[in-house]
Amino acid sequence: MAIEALRNIQFAQASTIGTHVNSTERVLGTGTLTPTIERVTPMDDRGSLADAHRVIDIAQGCEMTFEGDAVYQQLHHWLLMTLEGGITPATVDTDGKKWDFSTVHTAASAQKFYSFEVGDETQMWDAETMYVRDLELSGVAGEAVRLRANLFGHFPAKGTQTTPVNPSTVEEIKMSQCVFGLHTAWDSTTVKSGTLRSFNLRMPSGLVPVRYAGDSDFSGVIENRRHFELDVEYAVGTTAIAEYDAWAAATTKVARLTFTGVTDGIGTAERSLLVQIIGKYVGNPRIFETRDGQTIIRFTLRSIPVGANEFEMNLVNDRANATATT
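Quantities reported herein were computed from a predicted structural model and do not represent experimental measurements.

Caption draft 1: Structural view of the nonpolar core. Ranked by internal contacts, the top residues of the largest apolar core, which has 57 residues, are W78, F116, L151, F199, F259 and M313. Not counting residues within four places of it along the chain, the set of residues in contact with F199 comprises L137, S138, G139, V145, M175, L230, D231, V232, L257 and F259. Grouped together as the second largest cluster of nonpolar side chains are six residues, A14, Y131, F152 and L207 included.

Caption draft 2: Focus on a negative patch on the surface. On the surface, D93, D95, D264 and E270 cluster together into a patch of negative charge. Mapped onto the fold, D93 is located in the loop between β5 (90–92) and β6 (96–102). With a relative accessible area of 35%, D93 lands in the partly exposed category.

Caption draft 3: Just helix α2 (residues 238–249), in detail. Relative to the 16 Å expected for twelve residues at 1.5 Å per residue, α2 spans 17 Å between its end C-alpha atoms, a close match to the ideal helical length. Along α2, the positions that sit buried rather than exposed are T239, A240, E243 and A246. Each buried residue of α2 lies within a common arc of 110° when the element is viewed along its axis, so the set occupies one face. Within α2, the exposed residues directed more than 90 degrees away from the buried face are T238, A248 and A249.

Caption draft 4: Summary view of the side chain of E243. Within the secondary structure layout, E243 lies in helix α2. For E243, a relative accessible area of 3% gives the class buried. Those residues in contact with E243 that sit more than four places away from it in its chain are L182, Y234, K253, Y281 and F299.

Caption draft 5: Inspection of the packing of aromatic side chains at higher detail. Enumeration according to the criterion identifies 14 aromatic pairs in this entry. Ring geometry for F66 versus W78: centroids 4.6 Å apart, planes at 20°, classification stacked. Here F66 is found in strand β4 (residues 56–69), whereas its partner W78 is found in helix α1 (residues 75–82), with twelve residues between them in sequence. A relative accessible area of 4% places F66 in the buried class. Here the aromatic rings of Y244 and W247 are separated by 5.4 Å at their centres, their planes lie at 45°, and the arrangement is tilted. Residue Y244 and its partner W247 are both found in helix α2; the two are separated by three residues, about one turn of the helix. On the basis of relative accessibility, which here comes to 31%, the residue Y244 falls in the partly exposed class. Site record: aromatic cluster; members linked through ring pairs are F11, F66, W78, Y114 and F116.

Caption draft 6: The pairing of strand β8 (residues 124–140), seen in detail. The buried count for β8 comes to 13 of 17 residues, which makes it a mostly enclosed element. Counting the residues that bridge the hairpin from strand β7 (residues 113–119) to β8 gives four residues. Strand direction decides the pairing type here: β8 and strand β10 (residues 157–159), joined by three bridges, are antiparallel. Within the sheet, the bridge partner assigned to W125 lies in β10 and is K158. Note: β8 against strand β9 (residues 146–153), seven bridges, orientation antiparallel.

Caption draft 7: Spotlight on the pattern of salt bridges. Counted according to the given criterion, the structure contains 19 salt bridges. With a closest N to O distance of 2.7 Å, R133 and E63 form a salt bridge. Remark: E63 occurs in strand β4 and R133 occurs in strand β8; sequence separation between them is 70 residues. Here E63 falls in the partly exposed class, since its relative accessible area comes to 32%. Between R197 and D292 there is a salt bridge; the shortest N-O distance is 2.8 Å. Of this pair, R197 sits in strand β12 (residues 196–204) while D292 sits in the loop between β17 (272–291) and β18 (294–303), placing them 95 residues apart in sequence. Linked through salt bridges whose partners overlap, the residues forming this network are E233, R286, E289, R291 and R298.

Caption draft 8: Spotlight on the side chain of E25. Along the chain, E25 falls in strand β2 (residues 25–26). Take E25: its relative accessible area is 4%, and that puts it in the buried class. Polar contacts involving the side chain of E25 include one to the side chain of Q74, which spans 2.9 Å.

Caption draft 9: Spotlight on a nonpolar patch on the surface. The grouping of V40, I56 and I58 at the surface amounts to a nonpolar patch, some 220 Å² of accessible area in total. Looking at where I56 falls in the secondary structure, it is placed in strand β4.

Caption draft 10: The pairing of β9, seen in detail. Two strands pair when backbone bridges link them, and β4 and β9 are joined in this way by eight bridges, in the antiparallel orientation. Bridging from a neighbouring strand, T65 pairs with N150 of β9. Hairpin geometry of β8 and β9 is characterised by an intervening segment of five residues between the two adjacent antiparallel strands and by a positive phi of about 90° at G142.

The rules behind the values
- Residues numbered from 1 in each chain as written.
- Predicted model: local features only at pLDDT ≥ 70, side-chain atom pairs only at ≥ 80, totals over all residues.
- Heavy atoms only, no water.
- Core = buried A, V, L, I, M, F, W, Y, C linked by side-chain atoms within 4.5 Å.
- Buried < 20%, exposed > 50% of the residue type's maximum accessible area, 1.4 Å probe, protein only.
- Contact = heavy atoms within 4.5 Å.
- Patch = residues over 30% accessible without salt bridge, like charges linked within 9 Å, V, L, I, M, F, W, Y side chains within 5 Å.
- Areas by Shrake-Rupley, 256 points an atom, 1.4 Å probe, with all protein chains shown as cover.
- Salt bridge = Lys/Arg side-chain N within 4 Å of Asp/Glu carboxyl O.
- Lys, Arg positive; Asp, Glu negative; His and termini not counted.
- Charge placed at Lys NZ, Arg CZ, Asp CG, Glu CD.
- Helix = DSSP H or I, 4+ residues; strand = E, 2+ residues; numbered from the N terminus.
- Expected span 1.5 Å × (residues − 1).
- Arc of directions from axis to C-beta.
- Phe/Tyr/Trp six-rings, centres within 6.5 Å; stacked < 30°, edge-to-face > 60°.
- Pairing = 2+ DSSP bridges.
- Polar contact = N/O pair within 3.5 Å; in protein donor to acceptor, adjacent residues only side chain to side chain.

In structure tokens, the structure reads:
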């Protein structure tokens, strides 16, 4: 009998489409795996009142949803599946890595794919060639930052659980670590304190599975156009009113969130995450909502490239043994 407490999700980065790689790391969070089979039931003239007499398998695959706290030590895996891949992370001190993810507008991003093992003590399933379709990071003042992902991949096969290494001591990314800024130029660092109450960052990969003649599972992916969106809730005050004017005037704005870890595990460096997005407020602001009895205004900032800049994430974590497969 399957026991909920013994469910497990684990993965490893893969390099060959459709080939299983034994897991090297447990994933912190929860998720569901949905195998998919596309079937048709042809309608035939058979001298019968039955609606259909045949069910034919046409194609197969899988979908997966995942949710958990965002932790410095595992975030790079999700970003490699979503944003620009092919990154050689730079060494920070002796036991850390700096991962730079910047958007590319004139070439494919070459995102990485992973091999997942999902199941419990009764049965494990191996899902291969898993890509992220869209990734979200969200945070509310006073809480940990949450991560949500929707993935797609090859049809899972029943397998047996490997024994991966548990993550080392991990550190959640917290809203109490966040420094927030609003600017009109890229890389500005002026702080807007007492302003941001919550955020939700949506990062679609733009990836779509592609099948060719002879394929039952997809044999490749194509990257379509995409943009990034940042929902922000500002406490009503001078900053929020200024952003209202920026929305009304369609002014280009840069939002910058910087998180710095409280645990020093990387020599003289610190674990950190930088998010920077440039664009314009879209849609209509929602005025006079409340959070904890405080009046807020909610905006949505949609990325629009200005020169080479549109969106970037810089992550520093203590994963010296983690590499990006090329």
